[in-house]
Amino acid sequence: MTTVSRSSKPVDADALDGFDHETDVLVIGFGGAGACAAIEAAEAGAQVIAVEGASGPGGSTAQSGGEIYLGGGTPTQKACGFDDTADDMFAFLQAALGPHADETKLRAYCDGSLDHYHWLVDHGVEFRPTLWDSPTWMPLTEDGLMWLGENSHPFDEIATPAPRGHRPPMAAFAGMLLMERLVATATEAGTDVHTDTTATRLVLDGGRVVGVIARRFGDLVTYRARRGVVLTTGGFVDDEQMLAEHAPQLLGHGKVSDGRDDGSGIRMGAAVGGALRRMGTVQTALSLVPGLTARGIVVNALGQRFINEDTYPGLISEAGVHHQPNPIWMIIDEAGYEEVPEIDRMGMVPTFVDDDVAALEAATGIPPGGLAASLDTYNRFADELGTDPHFHKADRWVRPLRGPLAAIDTRLGFAGAEGVPPSESTGASGFTLGGLRTTLDGEVLDVDGEAIPGLYAAGRASAGIHGERYISGTSIGDGTFFGRRAGRAAARA
Ligand SMILES: Cc1cc2nc3c(=O)[nH]c(=O)nc-3n(C[C@H](O)[C@H](O)[C@H](O)COP(=O)(O)OP(=O)(O)OC[C@H]3O[C@@H](n4cnc5c(N)ncnc54)[C@H](O)[C@@H]3O)c2cc1C
């Protein structure tokens, strides 16, 4: 048995005594981006091997909600009564993912979205023509379409609102079904999948990436790629050192991942000169119940509102966790609480309930008068105008909050409803969005902006369309979209 160093430094092909396996295109990591790269490469006539560190394919994509951000007038949108254009999709994403969204990638992504929808459907992915018409993280239904903030302030004035969250027909976490279909298509197309095989270093031959060295149960396995290596290994939220260096705002929070987002692909790419981009951009999810937040208010540790509570909950989370004094509280009255079906409350129950706002302030630690002032203002405009002129929550959700009020501590988390005390949890979790700098075709660029021959990347191993923020569906969305392009380009090389 050979022991393998954990270094990401490349190995020279001359130093190897031949290769154990040889193929045209080598895909490293068989999650969403990897499966799409493999399908395109195989359909372009290339021989494809996918090397996967886990015992089966899927990655974080298989554990995800399976939401894919698609638009431009998809048949699912049309069946639900919505017209949409690539320009509206672009305008929304530019605002929601910005500032500093990658406009070149974003333009290509939006212009190609309708085609990507049809490609996914043609490759086995199903979207039911029904809409979940309420703010949510993910519907506990088989609805194929959902809103991701497009109909909330300020986006409803930036672009014509249309729901663009497309998802396979499975209650809650539909990523499993998505990956089942993509993996089946990739293997039918001829992809040879090598599981339990973790790539550790790239192999270089005269400046060109020609393969990888991998570890399988402690043994060293070598692969040669005649046309290209595609890194689709996911992000780096599971690597504390990389997190501390690049995205420390996620330190101490939970991890939205399959546990294998160790940044190994990013490190391997950087070790051969790949430039890094947007490494500080993260997704953040706080334990908010969107049905409750829309009907109530969300306040910071001072009792102050800071956003329209009917928007995409990830934006509330990002603003709350990273830009407000914490903890963050959901405040709701009995009528609003009861209106949300128990199953949609995701196990969260009131932390404190009181008729008296001052008593609620004392219980939550909000300074005296802080919550009272927010409630007075909110209720006055709700009573008199039925609107929310300060934060522009849609009128549909605005009514005065009366009677016994509940304060729900978001630090308790969804698991917290099962008894995790706040001191052990922040209630927030996230994943990383930055990675290797790539062209539209997934070629990895060096610090001079020149492509590194033979090396491609997609999904969270690369920097995608995101600027400083995230909207659900855009990770699997850009990973599958640019994964396809990387697979095609590698097959052509
Ligand atoms: C609970 C949850 C819900 C989510 N919901 C959504 C959602 O609804 N919509 C959305 O857009 N995003 C969602 N996300 C985020 C999204 O799933 C991921 O960001 C995205 O799927 C990443 O895709 P990927 O192909 O880049 O990586 P992955 O799907 O994670 O695939 C990477 C693969 O590479 C393998 N690998 C890693 N390193 C190596 C190595 N060195 N050698 C060999 N193999 C390696 C891993 O084992 C893994 O199988 C969610 C994530 C989670 C965890």
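Quick notes on the rules
- Every chain's residues receive numbers from 1 upward, in the order its sequence appears when written.
- The model is predicted, so local features are restricted to residues of pLDDT at least 70 and side-chain atom pairs to those at 80 or more, both for listing and for counting; the totals for chains, interfaces and linings are taken over all residues.
- Excluding hydrogens and water, the side-chain figures rest on all heavy atoms present in the structure.
- A pair of strands is considered paired only if DSSP assigns at least 2 bridges between the two.
- Numbering of helices and strands runs from the N terminus, with a helix taken as a DSSP run of H or I at least four residues long and a strand as a DSSP run of E at least two residues long.
- Buried, partly exposed and exposed residues are distinguished by accessible area as a fraction of the type maximum, computed with a 1.4 Å probe on protein chains only: under 20%, between the cut-offs, and over 50%, respectively.
- Polar contact criterion, stated in full: a pair of N or O atoms within 3.5 Å, where within protein one must be able to donate a hydrogen and the other to accept it, and residues adjacent in sequence count only if both atoms are side-chain atoms.
- Note on definitions: a residue-residue contact is assigned when non-hydrogen atoms from the two residues lie within 4.5 Å.
- We call a residue near a molecule or strand as soon as one heavy atom of that residue lies within 4 Å of the molecule or strand.
- Residues are sorted three ways: Asp, Glu, Lys and Arg are charged, Ala, Val, Leu, Ile, Met, Phe, Trp, Tyr, Cys and Pro are nonpolar, and all the rest, Gly among them, are polar.
- To get an axis, a line is fitted to the C-alpha atoms, and for a helix only the part in contact is used. The angle between two axes follows their N-to-C directions and goes from 0 to 180 degrees.
- Roughly parallel means an angle under 35 degrees; roughly antiparallel, over 145; roughly perpendicular, 65 to 115; everything else is oblique.

(A) The sheet that holds strand E7 (residues 165-166), seen in detail. The strand order E4-E7-E6-E5 describes an open sheet built from four strands, whose pairing is mixed. Edge positions in the sheet fall to strand E4 (68-69) and strand E5 (131-132), since each has one partner strand and no second. Of the pairings in the sheet, the one linking strand E6 (residues 145-146) to E7 comprises two bridges and is antiparallel in character. The residue of E7 that forms the bridge with Leu145 is His166.

(B) Quick peek at the side chain of Asp333. Tracing the sequence through the fold places Asp333 in strand E16 (residues 329-333). For Asp333, a relative accessible area of 3% gives the class buried. At 2.9 Å, the side chain of Asp333 forms a polar contact with the backbone nitrogen of Gly336. Side-chain polar atoms of Asp333 contact the side chain of Arg399, separated by 2.9 Å. With residues up to four places along the chain from it excluded, the contact list for Asp333 reads Arg399, Pro400, Leu401, Arg402, Pro404 and Leu405.

(C) Fine view of the site of the ligand. In the neighbourhood of the ligand, 41 residues make up the surrounding shell, with Glu52, Ser60, Thr61, Ser475 and Ile476 lying closest. Between the ligand and Ser264 there is a distance of 2.9 Å, counted from a nitrogen atom to a side-chain nitrogen or oxygen. Taken together, the elements giving at least two residues each to the shell around the ligand come down to helix H1 (32-43), helix H2 (59-63), strand E9 (198-205), helix H10 (264-271) and helix H17 (474-492). Looking at the shell around the ligand element by element, the count peaks at four residues for H2. For the shell around the ligand, the residue count by class is 11 nonpolar, 24 polar and six charged.

(D) Looking closely at the sheet that holds strand E12 (residues 254-255). Strand order in this open sheet of three strands is E12-E19-E14, and the pairing throughout is mixed. Of all the strands in the sheet, just E12 and strand E14 (282-286) have a single pairing partner and so form its edges. Bridge analysis of E14 against strand E19 (residues 428-432) gives five bridges, and the strand direction is antiparallel. Bridge pairing links Thr284 to Gly430 in E19. Running over the sheet, helix H12 (residues 313-323) touches E14 and E19 and is turned about 95° from E14.

(E) Inspection of the pairing of E9 at higher detail. Counting buried positions along E9 gives six out of eight residues, so the element sits mostly inside the fold. Sheet topology note: the strand E1 (residues 11-12)/E9 ladder contains two bridges and is parallel. Across the sheet, residue Val11 finds its bridge partner in E9, namely Val203. The antiparallel hairpin formed by E9 and strand E10 (residues 208-216) contains two residues in its connecting segment, where Gly206 sits at a positive phi of about 60°.

(F) A look at the packing of helix H5 (residues 103-111) against H17. It is the contact of H5 with H17, at a shortest axis distance of 11 Å, that shows an interaxial angle of 85°. If you check the angle between H5 and H17, you find them roughly perpendicular. For the pair H5 and H17, contact is made by Lys105, Ala108 and Tyr109 and by Thr474, Gly477, Asp478, Phe481, Phe482 and Arg485, respectively. A class-by-class count of the residues in the contact of H5 with H17 yields four nonpolar, two polar and three charged.

(G) Region of interest: the environment of Leu405. Looking at where Leu405 falls in the secondary structure, it is placed in strand E18 (residues 405-409). Given a relative accessible area of 4%, Leu405 falls into the buried group. Along the backbone, Leu405 and Phe352 are 53 residues apart, and their C-alpha atoms lie at a distance of 8.3 Å. Beyond its immediate sequence surroundings of up to four residues, Leu405 is in contact with Ile331, Ile332, Asp333, Phe352, Val353, Asp354, Val357, Leu360 and Leu375.

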